[in-house]
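# Architecture at a glance
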Amino acid sequence: MIITTTNNIEGKKIKEYKGVVFGEIITGVNIVKDFMAGIRDIFGGRSQSYENELIKAREEAIEEMKIKARNLGADAIIGIDVDYEVLGQSGSIMMVTVSGTAVVFE
């Protein structure tokens, strides 16, 4: 399955638009990761634990979106958009939402 942020794919002609598909992941970050990120805030540097959690959540959201597109009979998802949000009072919950348009090629 091809996924792209563009609205078309070079050399491919869209035959049918199947609709908008989404993938949403909400994940909590545990206290150890919060503590280590807090130390990084003080001394500087990257928070590998948060980065890894974010990468995992994004990949899962994209995979969920692809499954939904396949279930509609799509060949690709175009115009994808990835959004990130922090939820909860302490900001320890991350939400990743991915959306795009499922299409079928000729």
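Refer to the structure presented above.
Predicted model, so just to flag it, every value in this text is computed and none were measured. Every chain is numbered independently, its residues counted from 1 as its sequence is written. This being a predicted model, a pLDDT of at least 70 is required before a residue's local features are given, and a value of 80 or more before pairs of side-chain atoms are given or counted; all residues contribute to the totals for chains, interfaces and linings. For the side-chain quantities, the full set of heavy atoms in the structure was used; hydrogens and water were omitted.

### With respect to a nonpolar patch on the surface
- Distance thresholds for patches are 9 Å for like charges and 5 Å for nonpolar side chains (Val, Leu, Ile, Met, Phe, Trp, Tyr), applied to residues having over 30% relative accessible area and no salt bridge. With residues, only the protein chains shown are counted as cover, and all accessible areas are computed by Shrake-Rupley using a 1.4 Å probe. What counts as a salt bridge is simple: a side-chain nitrogen of Lys or Arg found within 4 Å of a carboxyl oxygen of Asp or Glu. Together, Ile-26, Leu-87 and Ile-93 give the surface a local cluster of nonpolar side chains, amounting to about 230 Å² of exposed area.
- Secondary structure counts use DSSP, requiring at least four H or I residues in a row for a helix and at least two E residues in a row for a strand, with both numbered from the N terminus. Relative to the helices and strands, Ile-93 is located in strand 4 (residues 93–105).

### Quick word on the pairing of strand 4
- Within strand 4, ten of the 13 residues are buried, which leaves it mostly tucked inside the rest of the structure.
- Sheet analysis places strand 2 (residues 14–28) next to strand 4, joined by 13 bridges and oriented antiparallel. In the strand pairing of strand 4, Ile-26 is matched with Met-95.
- Pairing between strands is defined by DSSP: at least two bridges between the two strands are required. Inspection of the sheet shows strand 3 (residues 76–87) paired to strand 4 by ten bridges, in the antiparallel sense. Opposite Tyr-84, over in strand 4, you have Val-96 as the bridge partner. Summary of the burial criterion: residues with accessible area below 20% of their type's maximum are buried, those above 50% are exposed, and those between are partly exposed, where the area comes from a 1.4 Å probe applied to protein chains only.

### Observations concerning the sheet that holds strand 4
- Here we have four strands laid out as an open sheet, ordered 1-3-4-2, and mixed in their pairing. Whereas interior strands pair on both sides, the edge strands pair on one side only; in this sheet they are strand 1 (2–3) and strand 2.
- Relative to strand 3, strand 1 is paired through two bridges, and the arrangement is parallel. By the bridge assignment for strand 3, Ile-3 is matched with Ile-77.

### Remarks on the environment of Ala-76
- Looking at the secondary structure, you find Ala-76 in strand 3.
- Overall, Ala-76 belongs to the buried group, its relative accessible area being 0%.
- Sequence separation of Ala-76 and Ile-14 is 62 residues, and the distance between their C-alpha atoms is 9.6 Å.
- By definition, residues are in contact when any of their heavy atoms lie within 4.5 Å. Contact partners of Ala-76, with chain neighbours within four places excluded, come to Met-1, Ile-2, Ile-9, Thr-101, Ala-102, Val-103 and Phe-105.

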